[in-house]
Amino acid sequence: MNEAGNLNKYTNQMLALRCHLFRALHSLFFLLLLLLLFFSIIGCTPANDNVEQIKLGDWAVNDAHFSSSGTLALSVSQDIGIYNLKGELLHLLTLPEPNGIWQISWQGNNNLWFYDQHNLYHWRLGKANISPPQLFQANPIRHVRATDHGLMLATETGSVYWYPTNQEYKLQPPRSLLENQVGISTIGFTQQQPYVGTRNGDLWLWEDTTYDTVRHFKVAQPIHAVITVSNQLYALTSRYNNPLATNNELSLWQLSSESTPQAYKLAGSTGVFSHLAVNNAVIVGGSNSSWQSYNLSTHQQKNGALPARNPNQQGRIVALYELPTVIVMLTSRGEMQKWQKVGILGNSQ
């Protein structure tokens, strides 16, 4: 009786141990299966060897521009950082809290203008001090774009002024260019030709910075930029410029005084947050860290983006710069990307 009881006791213990071992093996098998699935997914995800990624910081970029020599200026909250093309921080400017955001415009390679709605500052690259601000209390600033001889400034009330600068980069008395224009969407220079575009598709283009001769064009979409490609003028337009929009309609309009503007529709729907003309092509930086290029000679179009599983890692392409073999892109998430030019422009580069 005791032997039978002991046998039953050991049998029950053996069964319990076997059940425990089975569960442990089952859990281990399930874990190995998950690891195998994980590594198989990683193995199936194509590695993009054509892109170098440099993380500048873990913050949101409000505005950014490259100088013509490749120096990057970007604004983050109250700071403006100056970086080289290796992603190294060269200078850090700490400013008062802005009215709106700090926006940026380069004048040449060594002079930087930055502004919010009411204050316009000038800074000489490498100098210890920033110039005292020019105040714009009555007419808040909307856009500023600088060129070698001065800067063009648009106000929230729809006025546009040209400010010559002297050798010390101080503003001289302005010249009024436009008054009470509704919905100014962009101002700038293309090959030293000043332009002003609106959300209604109106475009004023001056022959040069003497502002003596102006041409007017009308297109059917809001204007984001005017670009010169192979000595031909084009207006880059987008019906919407919302990163969440799913039905953007992008177009390049060929501008000529002798004919009605002709539109080339782009297939992408990612908005226009930066642009760059390279040879016969236009590269557009859009939302979701994506870009597209359009060759105006061959009408070949390409687009691309880095795969991002986490939506928080995505952003807008806010600045573009050309190097001999790569196109440098800056995202609004503070990442510098260097894409091989052949992958963007193909054999047409």
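What counts and what doesn't
Residues numbered from 1 in each chain as written. Predicted model: local features only at pLDDT ≥ 70, side-chain atom pairs only at ≥ 80, totals over all residues. Heavy atoms only, no water. Pairing = 2+ DSSP bridges. Helix = DSSP H or I, 4+ residues; strand = E, 2+ residues; numbered from the N terminus. Axes fitted to C-alpha atoms, helices over the stretch in contact; angles between N-to-C directions. pLDDT = per-residue confidence, 0-100. Contact = heavy atoms within 4.5 Å. Phe/Tyr/Trp six-rings, centres within 6.5 Å; stacked < 30°, edge-to-face > 60°. Buried < 20%, exposed > 50% of the residue type's maximum accessible area, 1.4 Å probe, protein only.

A.B. asks: Honestly, the sheet that holds strand S21 (residues 259-266) in this entry has me stumped. Any pointers?
C.D. replies: Each strand in a sheet pairs with its neighbour through backbone hydrogen bonds, running either in the same direction (parallel) or in the opposite one (antiparallel). Strands sit in the order S18-S19-S20-S21 across an open sheet of 4 strands; the sheet is antiparallel. Edge strands, defined here as strands with exactly one partner in the open sheet, are strand S18 (223-229) and S21. Each adjacent strand pair in this sheet contributes to an overall mean axis angle of 25°, direction not counted. Pairing of S18 with strand S19 (residues 232-238), which is carried by 6 bridges, proceeds in the antiparallel orientation. Counterpart to valine 226 in the pairing with S19 is alanine 235.

A.B. asks: Hey, could you run me through the sheet that holds strand S13 (residues 175-178) in this one?
C.D. replies: Across the sheet, which stays open at both edges, the 4 strands sit in the order S10-S11-S12-S13 with antiparallel pairing between neighbours. Both outer strands of the open sheet, strand S10 (141-147) and S13, are each paired with one neighbouring strand and no more. Taking the axes of each pair of neighbouring strands and ignoring which way they run, one obtains an average angle of 25° across the sheet. Here S10 runs beside strand S11 (residues 150-155); their pairing, made up of 6 bridges, is antiparallel. In the sheet register, threonine 147 faces S11, and the bridge partner there is glycine 150.

A.B. asks: What am I meant to see in the confidence of the model for the protein here?
C.D. replies: Low-pLDDT portions of the prediction should not be read for the details of their coordinates. Confidence along the protein averages 85 in pLDDT terms, with 81% of residues attaining 70 or more. Contacts from residues 13-22, a stretch scored under 50 in pLDDT, to residues over four places away or in other chains number 0 contacts. Within the model, the stretch residues 29-47 combines pLDDT values under 50 with 2 contacts to residues more than four positions away or in other chains.

A.B. asks: Can you walk me through the packing of aromatic side chains in this structure?
C.D. replies: Centre distance and the angle of the planes are the two values used to describe a pair of aromatic rings. Using the criterion set out here, one finds 11 aromatic pairs in the structure. Each ring, one from tryptophan 162 and one from tyrosine 211, has its centre 5.2 Å from the other, and the planes form 45°; the classification is tilted. Here tryptophan 162, found in strand S12 (residues 160-164), pairs with tyrosine 211, found in the loop between strand S16 (202-206) and strand S17 (214-218); they are 49 residues apart in sequence, far enough to count as distant. An identical accessibility class is assigned to tryptophan 162 and tyrosine 211; each is buried. One aromatic cluster in this structure is built from Trp162, Phe189, Trp206 and Tyr211.

A.B. asks: Honestly, unusual backbone geometry in this entry has me stumped. Any pointers?
C.D. replies: Peptide bonds are, in most cases, trans, and in most cases residues other than glycine have a negative phi. Residue glutamine 191 is not a glycine yet carries a positive backbone phi of 50°. With respect to the helices and strands, the residue glutamine 191 is situated in the loop between strand S14 (184-190) and strand S15 (193-198). On the accessibility criterion, glutamine 191 (56% relative accessible area) is exposed. Look at tyrosine 211: it is not a glycine, yet its phi comes out positive at around 55°.

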